[in-house]
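Chain by chain, the residues run as shown.
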Amino acid sequence: MCKCFGLVRYGRLFTWSDDVVVDGQINCSAGLFGDPMPMDVKICKCYPKICTTDTGTCTPEPCSCPTSRDPAVEWGKKTLMTSDGTKCWACEKRASAAGVLVEGDSKFCPTLPGRCSLKRSCKCESSSDTKRVMRTKDGQKCWTCAPAGEGGALGMDSGQKAMFWMLPLLWPFMDLPNSAYEVCSGCRALTTFLALCVVGYILQNFVTVLNLNRFFSFYAPCMKKGEFWRLFTYFMLHSDLQHLCINLMHLLDALDLEGVPDLEVSLGVPLRCTRDGPVGSVCYPDVGIGRQHVVALIALVLAYGALVGTIKNFGALVQGASSVCFGVDGALIALYAMFLGAGLDSQLKIPEFGAFFWMRIGIIAFHIIIDVVQSICGQGKDTVGTMAHMASLVAGFCYVIIVLPPMGDGSLFHNTQPYIINCGMTSPKYTTIEEATTDCVAFFRRGNGIEISLAQNIAIAILGGGVLISAVNAVLKRHISDDGLALCSCGDVPGPKGEDAQNAEKDLISLRERQVGALKEDVTRLERLMHNMPNLPAAAPSDAAPAGAAAPATPSA
């Protein structure tokens, strides 16, 4: 049953039935709406209409009343008739009744009109009710549950406000400083990573005596000397502030990869979707993979992106967190692709999330296009970075396929891997019971299903192939020097030590002395030759000697 006052359509994503006018609720089925997407999961989507609040006018279509911004008043819906007998609706402002406190240990909010509880953590017992906030006579806030579409004093409409805060980039700024604290607590791995990037930039550019460029930069020739920590430390360094800010905003917009923090869109309305959440509320589904998997994912995309980037230029100096940005994007694409493929969006109380996901995909695609365009316009100068970024994107996607991490904290779905479905739901080719119950994952829609074992083998082959090519490339280019950047001396040819070193030094000194002595003798010989050369006077034409005359004698030395 879909409860709505307005227009309802049936389908999913970009394929919908014609709109149907609903005044209350309607059965969400293909029998009433038709089947716009045969053999696929579909949902009902409500487009509520707000009744007019002007005196003397009414709305002829089914509608609901707006939410009052003033806790002292609320809008009440009333039914009217026009002069020609047509039924219509309007909303009038009424004084909000003070809530009456209900004592007790029940975990559910009161549902009787005017009754409320001081327990902020109470939940609605019925999934069709919406949790609302009230005030007692003495001004205390209390909470109650009422059917969706009825009055309440939530201030701004919770759905509209939640839609504004859907982007994870905005979560830290919802209610500063409390929201920033909740984001740091709920997404500890990613926020710690962001803090390391900021600290690394400050130390790199303002405390230059530490020379972090030499210690933390990734330089492939240094791998020959065992400096493998460089695979995981180059993200802390950024050459300029613009590069740092772009990466920080990119990572902030991927906070949902780790989880959804405990934030409230409005009083009593959580940002995170739950199974028992209100029907009319806009919420954000928690499909995060958790702190441990985020750390493992970051380590993988850092190392894989750096290694594959060496194929183009083995001697490139790599810095920045862009590989992590594209790596988390790849993981998000895999998560939400399986999310939609399993039809999990139909289980949510907010069907708009399917369209919202496609917007997120568009943002990720925009990042990729910009990166490729920069490489092309730079005449291939940034090809190394583009290769590393694309490799990290693929690595993030493959990580999710290989590891199959949990989706959410268990508060939204009944198991931690709800994206695993039976292969019989993806294709009619699975005819036997054994084949139909094989575990599969589907990407974007049920028809794009693939067996988990096959998908994992493909992902492992992709990652293994990249590592193998990088290793072969490193062997072929092992002659490239580390240019003195390496800190370790592993692999250097050791020089002589002890008495051998002293003897070698004496022999070198003796050789240099003999060379100097030989050079001095040559200089002396040249000086004597110059001294004994005769001074021949220039002969005049009239004094020319006759032919056959004897030449004057030259004194001998």
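Residues numbered from 1 in each chain as written. Predicted model: local features only at pLDDT ≥ 70, side-chain atom pairs only at ≥ 80, totals over all residues. Heavy atoms only, no water.

1. Things to note about the overall build of the chain
The number of helices and strands found in the chain is 14 helices and 17 strands. Within the chain, the proportion of its 557 residues that are buried is 41%. Here the contacts in the chain between residues at least 6 apart in sequence split such that 64% fall between residues at least 24 apart. Carbon together with sulfur atoms contributes 60% to the accessible area of the chain, which is approximately 29,800 Å² in total. (Helix = DSSP H or I, 4+ residues; strand = E, 2+ residues; numbered from the N terminus. Buried < 20%, exposed > 50% of the residue type's maximum accessible area, 1.4 Å probe, protein only. Contact = heavy atoms within 4.5 Å. Areas by Shrake-Rupley, 256 points an atom, 1.4 Å probe, with all protein chains shown as cover.)

2. Quick notes on the side chain of S323
The residue S323 is located in helix α9 (residues 322-341) in this model. The class for S323 is buried, based on a relative accessible area of 4%. Contact partners of S323, with chain neighbours within four places excluded, come to Y234, V301, A388, H389 and S392.

3. Digging into unusual backbone geometry
Phi angles above zero are rare outside glycine, and M39 is one such case at about 60°. In this structure, M39 sits in the loop between α1 (30-33) and β4 (43-48). Residue M39 is classed as exposed on the basis of its relative accessible area of 83%. In this model, N211 sits at a positive phi of 55°, which is unusual for a non-glycine residue. If you trace the backbone, N211 turns up in the loop between α4 (188-206) and α5 (212-216).

4. So, the sheet that holds strand β17 (residues 449-451)
Read from one edge of the open sheet, 3 strands run β15-β16-β17, paired in antiparallel fashion. Only two strands of the sheet have a single partner each, and these edge strands are β15 (421-422) and β17. Sheet topology note: the strand β16 (residues 439-442)/β17 ladder contains 3 bridges and is antiparallel. By the bridge assignment for β17, A442 is matched with G449. Sheet contacts for helix α13 (residues 452-476): β16 and β17; angle to β17, the most-contacted strand, approximately 85°. (Pairing = 2+ DSSP bridges. Axes fitted to C-alpha atoms, helices over the stretch in contact; angles between N-to-C directions.)

5. Quick notes on the pattern of salt bridges
Oppositely charged side chains are able to pair whenever their charged atoms sit close together. Tallying each qualifying case throughout the model produces 5 salt bridges. When the shortest N-O distance is used, the salt bridge between K42 and D35 registers 3.1 Å. Assessed through its relative accessible area of 39%, D35 is described here as partly exposed. (Salt bridge = Lys/Arg side-chain N within 4 Å of Asp/Glu carboxyl O.)

6. Considerations on the packing of aromatic side chains
This model, assessed by the stated rule, comprises 6 aromatic pairs. Measuring from centroid to centroid gives 6.3 Å for Y336 and F339, while their planes differ by 75°, and the two rings are edge-to-face. Of this pair, Y336 and F339 both sit in helix α9, 3 residues apart, roughly one helical turn. Per residue, the accessibility class of Y336 equals that of F339, and both read buried. (Phe/Tyr/Trp six-rings, centres within 6.5 Å; stacked < 30°, edge-to-face > 60°.)

7. Describing the UniProt feature "transmembrane region" (unreviewed entry) in the chain
Residues annotated in UniProt with the feature "transmembrane region" (unreviewed entry) correspond here to residues 189-210, 294-311, 323-343, 355-373, 385-404 and 454-476. Structurally, residues 385-404 comprises 95% helix and 0% strand, and the distance from its first C-alpha atom to its last is 28 Å. (UniProt positions renumbered as here; feature names shortened; annotations may be inferred.)

8. Overview of the environment of V294
Relative to the elements of secondary structure, V294 occurs in helix α8 (residues 291-309). Its relative accessible area of 0% is what places V294 among the buried residues. Between the C-alpha atom of V294 and that of A189, which follows or precedes it by 105 residues, the distance is 6.8 Å. In this view, V294 contacts A189, L190, L257, E258 and I289; residues no more than four positions away in its chain are not counted.

9. With respect to the state of the cysteines
In the structure shown here, the tally under the stated rule is 8 disulfides. Across a sulfur-sulfur distance of 2.2 Å, C28 and C44 are joined as a disulfide pair. Of note, the bridge from C28 to C44 carries an S-S torsion of about 115° and is right-handed in sense. With C28 in the loop between β3 (20-26) and α1 and C44 in strand β4, this residue pair connects regions lying 16 residues apart in the sequence. C423 shares a disulfide with C440; S-S distance 1.7 Å. Negative torsions about the S-S bond denote left-handed disulfides, and the value of about 90° found for C423 with C440 makes this one right-handed. With C423 in the loop between β15 and α12 (433-436) and C440 in strand β16, this residue pair connects regions lying 17 residues apart in the sequence. Here C423 and C440 have matching classes, each one buried. The structure places no disulfide on C184, whose sulfur is separated from the nearest cysteine sulfur, that of C187, by 8.8 Å. C325 carries a free sulfur, and the closest cysteine sulfur to it, the one in C197, is 7.8 Å from it. (Disulfide = S-S within 2.5 Å.)

10. Brief notes about the packing of α8 against α9
It is the contact of α8 with α9, at a shortest axis distance of 9 Å, that shows an interaxial angle of 120°. In terms of orientation, α8 and α9 fall into the oblique class. Both α8 and α9 take part in a crossing whose hand is right-handed. In this structure, α8 uses L297, I298, V301 and L302 to contact α9, whose residues at the interface are S323, V324, G327, V328 and A331. Here the residues of the contact of α8 with α9 sort into 7 nonpolar, 2 polar and no charged. (Parallel < 35°, antiparallel > 145°, perpendicular 65-115°, else oblique. Left-handed = near helix turned anticlockwise from the far one by under 90°. Nonpolar A, V, L, I, M, F, W, Y, C, P; charged D, E, K, R; others polar.)

11. Quick notes on the nonpolar core
In terms of nonpolar packing, the biggest core is built from 83 residues, with W171, F193, L257, V324, F339 and M407 touching the most fellow members. Listing elements by their share of this core, those giving two or more residues are α4, α7 (241-252), α8, α9, α10 (353-377), α11 (383-403), β16 and α13. Per-element tally for this core: the top contributor is α9, with 14 residues. The contacts of L257, once residues within four sequence positions are left out, are G288, I289, G290, V294, L297, V328, A331, L332 and L335. (Core = buried A, V, L, I, M, F, W, Y, C linked by side-chain atoms within 4.5 Å.)

12. Considering the pairing of β16
As judged from the 2 bridges shared by β15 and β16, these two strands associate in the antiparallel manner. Across the sheet, I421 pairs through a bridge with C440, a residue of β16. Once β16 ends, the chain turns through 6 residues before running back antiparallel as β17, passing F444 with a positive phi of about 75°.

13. A closer look at a nonpolar patch on the surface
There is a patch of nonpolar side chains on the surface, built from V198, I202, F206, V207, V209 and L210 and spanning about 540 Å² of accessible area. In this fold, V198 is placed in helix α4. (Patch = residues over 30% accessible without salt bridge, like charges linked within 9 Å, V, L, I, M, F, W, Y side chains within 5 Å.)

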